[in-house]
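# Coordinates in review
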Amino acid sequence: MKDYASVTILVVEDDEVDAMAIQRAFKKCRLSNTIHRVKDGVEALGALRGTNKEVPMSRPFIVLLDLNMPRMNGLEFLAEVRADPKLHDITIFVLTTSKADEDRAAAFSNNVAGYIVKSDVGQGFMEAIEMLTMYWRVVELPT
């Protein structure tokens, strides 16, 4: 039997309001999973690789990735992760404001598990969060 609570969520989001909305949505779904939040791709890579004397995040985990961030944006982060033999198989969902076809295509060419547009707030956003929770309950995540 799987331990759903052991799945950690890495939220890569620079906007405080959006990060709080994500956390509220998970609370409304009554999830007690650990949520680790970083503000850009550089910090996310540090969390995943365990740089700066930190221990790398333990698997299983899911990454919720914004695309428009300072220093290292989401697409740059995706390219870096997919090129890393230790990280290339992690499960990443894009959670962004971008509806641009080129962003969506670039994300899927880097093997994201899904592309969710944040403007679908309210019930649509809650349904997206619920879908994510069902995803990691059904799918075997890399360990």
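The residue count restarts for each chain, going from 1 along the sequence in the order it is written. Totals for whole chains, interfaces and linings use all residues, but because this is a predicted model, local features are given only for residues with pLDDT of at least 70 and pairs of side-chain atoms are given and counted only at 80 or more. As a convention, hydrogens and water are excluded, and side-chain values are obtained from all of the structure's heavy atoms.

## Focus on the environment of A128
Relative to the helices and strands, A128 resides in helix α5 (residues 123–138). Here the term buried applies to any residue with accessible area under 20% of the maximum for its type, exposed to any over 50%, and partly exposed to those in between, with areas from a 1.4 Å probe on protein chains only. Among the residues examined, A128 registers a relative accessible area of 12% and is labelled buried. The spacing of A128 and L95 is 33 residues in sequence and 9.7 Å in space, taken between C-alpha atoms. Starting at the N terminus, helices and strands are each numbered in turn, a helix being any DSSP run of H or I of at least four residues and a strand any DSSP run of E of at least two.

## Regarding the pairing of strand β4 (residues 91–96)
Within β4, 6 of the 6 residues are buried, which leaves it mostly tucked inside the rest of the structure. Burial of the side chains of β4 extends over both faces: T91, F93 and L95 are buried on one face and I92, V94 and T96 on the other. Sheet analysis places strand β3 (residues 61–65) next to β4, joined by 4 bridges and oriented parallel. What sits directly across from I62, in β4, is T91. Between the parallel pair β3 and β4, the chain is carried across by helix α3 (residues 74–83), and the sense of this crossover is right-handed. Strand pairing is assigned whenever DSSP identifies at least 2 bridges connecting the two strands. When the strands point away from the viewer and the connection leading from the first strand across the helix to the second strand turns clockwise, the crossover is called right-handed.

## Some details on the packing of helix α2 (residues 41–49) against α3
What counts as an axis is a line fitted to C-alpha atoms, over the stretch in contact for a helix, and the angles between N-to-C directions run from 0 to 180 degrees. In contact at an axis separation of 9 Å, α2 and α3 are set at 25° when each is read in the N-to-C sense. As far as their axial angle goes, α3 and α2 are roughly parallel. Pair α2 / α3 crosses with right-handed handedness. Facing G41, A44, L45, L48 and R49 of α2, the residues of α3 in contact are F77, E80 and V81. When residues are sorted by character, Ala, Val, Leu, Ile, Met, Phe, Trp, Tyr, Cys and Pro go into the nonpolar class, Asp, Glu, Lys and Arg into the charged class, and all the rest, Gly among them, into the polar class. Residues belonging to the contact of α2 with α3 are distributed by class as follows: 5 nonpolar, 1 polar and 2 charged. Roughly parallel means an angle under 35 degrees; roughly antiparallel, over 145; roughly perpendicular, 65 to 115; everything else is oblique. By convention, the crossing between two helices is left-handed when the near helix turns anticlockwise from the far helix through less than a right angle, and right-handed when the turn is clockwise. The contact rule is simple, with two residues in contact once any of their heavy atoms fall within 4.5 Å.

## Remarks on the nonpolar core
Here the nonpolar core consists of buried residues drawn from Ala, Val, Leu, Ile, Met, Phe, Trp, Tyr and Cys, with membership extended through side-chain atoms lying within 4.5 Å. Residues L48, V63, F77 and I92 are the most contacted members of the largest nonpolar core, which totals 25 residues. Those elements that provide at least two residues to this core are β1 (8–12), α2, β3, α3, β4 and β5 (114–117). With 4 residues, α2 is the largest single contributor of residues to this core. Excluding residues within four positions of it along the chain, L48 makes contact with L10, P56, M57, F61, F77, V81, L87 and I90. Of all hydrophobic cores here, the second largest spans 16 residues; its members include V7, I9, C29 and F93.

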